[in-house]
Amino acid sequence: MPTNISYEINNKKPEDKKLFIRKMFDSIVPTYDLLNHVLSFGTDILWRKNIFRHTKKIKGKTVIDICCGTGDLSLILYNKGSKVVSLDFSLNMLEKGVTKNALRGHPVSADACWMPFKSNSFALATIAFGIRNIPDIDNFIQDVFRILAPGGELAILELVRPENRIIGKIHYYYLGAMLPLIGGIISGRKLAYQYLAKTINTFIDQSELKTMLKKYGFKNVAFYPQTLGVATIIVCEKEML
Ligand SMILES: C[S@@+](CC[C@H](N)C(=O)[O-])C[C@H]1O[C@@H](n2cnc3c(N)ncnc32)[C@H](O)[C@@H]1O
């Protein structure tokens, strides 16, 4: 990865940022799964499963896993008996997901903000550890609202800043020092893990996200904090017509 890329987080040029983000994810694929489990002490596996404690039944329904990466969440959706579309703009991530047999439905390469599907198509849309990488969140929320069927749900799993002050300080240190160190050693891409840590520290507040979801028509927005508040599951619904 070139070292002259700006790692600053800003929303000024979303398309440039997306190109950078796509290339970055393309570059960390070989060790991506391993590092997810190591850096979260294995809790990422539990968090993905916990999503379904808060969503409606999906057996036989058509669902979409947005920013699916290598497909760990897509595979859970598939095992629940749903018809799964898995969307990501990183071809390397999709390829790894297909190789490891996690993407058993329909893998699609596209931008999460301009999804190539008809309106009112899906009963559930999931996005795990993806939304904080999307610079133009407004476009994403509007498009996911469009493709969901009335009564359909959006479930977001994301890493966040813990509200407890002491845990927050430990978390800040972990993100700033340990995550790039361990990520760098295992993947050889320290800058990528510095960037990923920074996206957690600079992502919008949970209350702002709730306001945006409601602004674009979602109702019943509920938050379910995970493991000391370092991650959260957000579930909301497109109003039934
Ligand atoms: C941190 S990974 C999460 C992967 C997976 N959901 C998981 O649970 O491990 C974020 C993924 O989002 C994808 N991504 C980021 N921005 C995107 C966008 N605008 N459109 C489509 N995919 C995007 C990246 O390519 C990457 O595979």
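Residues numbered from 1 in each chain as written. Predicted model: local features only at pLDDT ≥ 70, side-chain atom pairs only at ≥ 80, totals over all residues. Heavy atoms only, no water.

## Regarding the UniProt feature "binding site: S-adenosyl-L-methionine" (unreviewed entry) in the protein
Step number 1: UniProt records the feature "binding site: S-adenosyl-L-methionine" (unreviewed entry) at Thr 70, Asp 88, Asp 111 and Ala 112, using the numbering of this structure.
Step number 2: Tracing the backbone shows Asp 88 in strand β2 (residues 83-88).
Step number 3: Leave out the neighbours within four places in its chain, and Asp 88 touches Cys 67, Cys 68, Gly 69, Met 93, Leu 94, Val 108, Ser 109 and Ala 110.
Step number 4: Engagement of the side chain of Asp 88 in a polar contact is seen with the backbone nitrogen of Cys 68, the distance being 3.4 Å. (UniProt positions renumbered as here; feature names shortened; annotations may be inferred. Helix = DSSP H or I, 4+ residues; strand = E, 2+ residues; numbered from the N terminus. Contact = heavy atoms within 4.5 Å. Polar contact = N/O pair within 3.5 Å; in protein donor to acceptor, adjacent residues only side chain to side chain.)

## As for the packing of aromatic side chains
Step number 1: Counted by the stated rule, this structure contains 5 aromatic pairs.
Step number 2: Between the aromatic rings of Trp 47 and Phe 129, the centroid separation amounts to 6.4 Å while the plane-to-plane angle is 55°, which identifies the pairing as tilted. Note that Trp 47 is positioned in helix α2 (residues 43-50) and Phe 129 in the loop between β4 (122-128) and α5 (137-147), a separation of 82 residues in sequence.
Step number 3: Taking the ring centre of Phe 145 as reference, the NZ or CZ of Lys 238 above it sits at 4.9 Å. (Phe/Tyr/Trp six-rings, centres within 6.5 Å; stacked < 30°, edge-to-face > 60°. Lys NZ or Arg CZ within 6 Å of the ring centre and 35° of its normal.)

## Some details on helix α7 (residues 190-202)
Step number 1: Its 13 residues place the ends of α7 18 Å apart at the C-alpha level, agreeing with the 18 Å of an ideal helix rising 1.5 Å per residue.
Step number 2: If you check which residues of α7 are buried, you get Ala 192, Tyr 193, Tyr 195, Leu 196, Ala 197, Thr 199 and Ile 200.
Step number 3: Turning to α7, the residues buried within the fold contact α1 (14-39), β5 (148-159) and α6 (165-187). (Expected span 1.5 Å × (residues − 1). Buried < 20%, exposed > 50% of the residue type's maximum accessible area, 1.4 Å probe, protein only.)

## Some details on the pairing of strand β1 (residues 62-66)
Strand residues, when the strand is regular, have side chains that alternate between the two faces of the sheet.
Step number 1: Within β1, 4 of the 5 residues are buried, which leaves the element mostly enclosed by the surrounding structure.
Step number 2: Pairing of β1 with β2 involves 5 bridges; the strand directions are parallel. Looking at the pairing, Thr 62 lines up with Lys 83 of β2.
Step number 3: Between the parallel elements β1 and β2, the chain passes through helix α3 (residues 72-79) in a crossover that is right-handed.
Step number 4: The pairing of β1 with β4 spans 4 bridges and is classified as parallel. Along β4, the bridge assignment pairs Ile 66 with Ile 127. (Pairing = 2+ DSSP bridges. Right-handed = clockwise from strand over helix to strand, strands pointing away.)

## Quick look at the pattern of salt bridges
Step number 1: Taken as a whole and judged by the stated rule, the model has 12 salt bridges.
Step number 2: Across the salt bridge formed by Asp 33 and Lys 96, the nearest N and O atoms sit 3.8 Å from each other. With Asp 33 in helix α1 and Lys 96 in helix α4 (residues 91-99), this pair connects stretches of sequence that are 63 residues apart.
Step number 3: Exposure remark for Lys 96: the relative accessible area of 26% places this residue in the partly exposed category.
Step number 4: A salt bridge links Lys 56 to Glu 237, with the shortest nitrogen-to-oxygen separation between them at 3.2 Å. With Lys 56 in the loop between α2 and β1 and Glu 237 in strand β7 (residues 231-238), the pair connects residues that are 181 residues apart, well separated along the chain.
Step number 5: When its relative accessible area of 38% is taken as the criterion, Lys 56 is described as partly exposed.
Step number 6: One salt-bridge network, in which partners are shared between bridges, spans Asp 33, Asp 44, Arg 48, Asp 72, Lys 96 and Lys 100. (Salt bridge = Lys/Arg side-chain N within 4 Å of Asp/Glu carboxyl O.)

## Side note on the site of the ligand
Step number 1: Around the ligand sit 16 residues in total, of which Tyr 32, Cys 67, Asp 88, Ala 112 and Ala 128 are the nearest.
Step number 2: Between the ligand and Asp 88 there is a distance of 2.6 Å, counted from an oxygen atom to a side-chain nitrogen or oxygen.
Step number 3: Look at the ligand: alone it shows 600 Å² of surface, and the protein chains cover 98% of it.
Step number 4: In terms of residue count, α1 provides more of the shell around the ligand than any other element does, 3 residues in total. (Near = heavy atom within 4 Å. Areas by Shrake-Rupley, 256 points an atom, 1.4 Å probe, with all protein chains shown as cover.)

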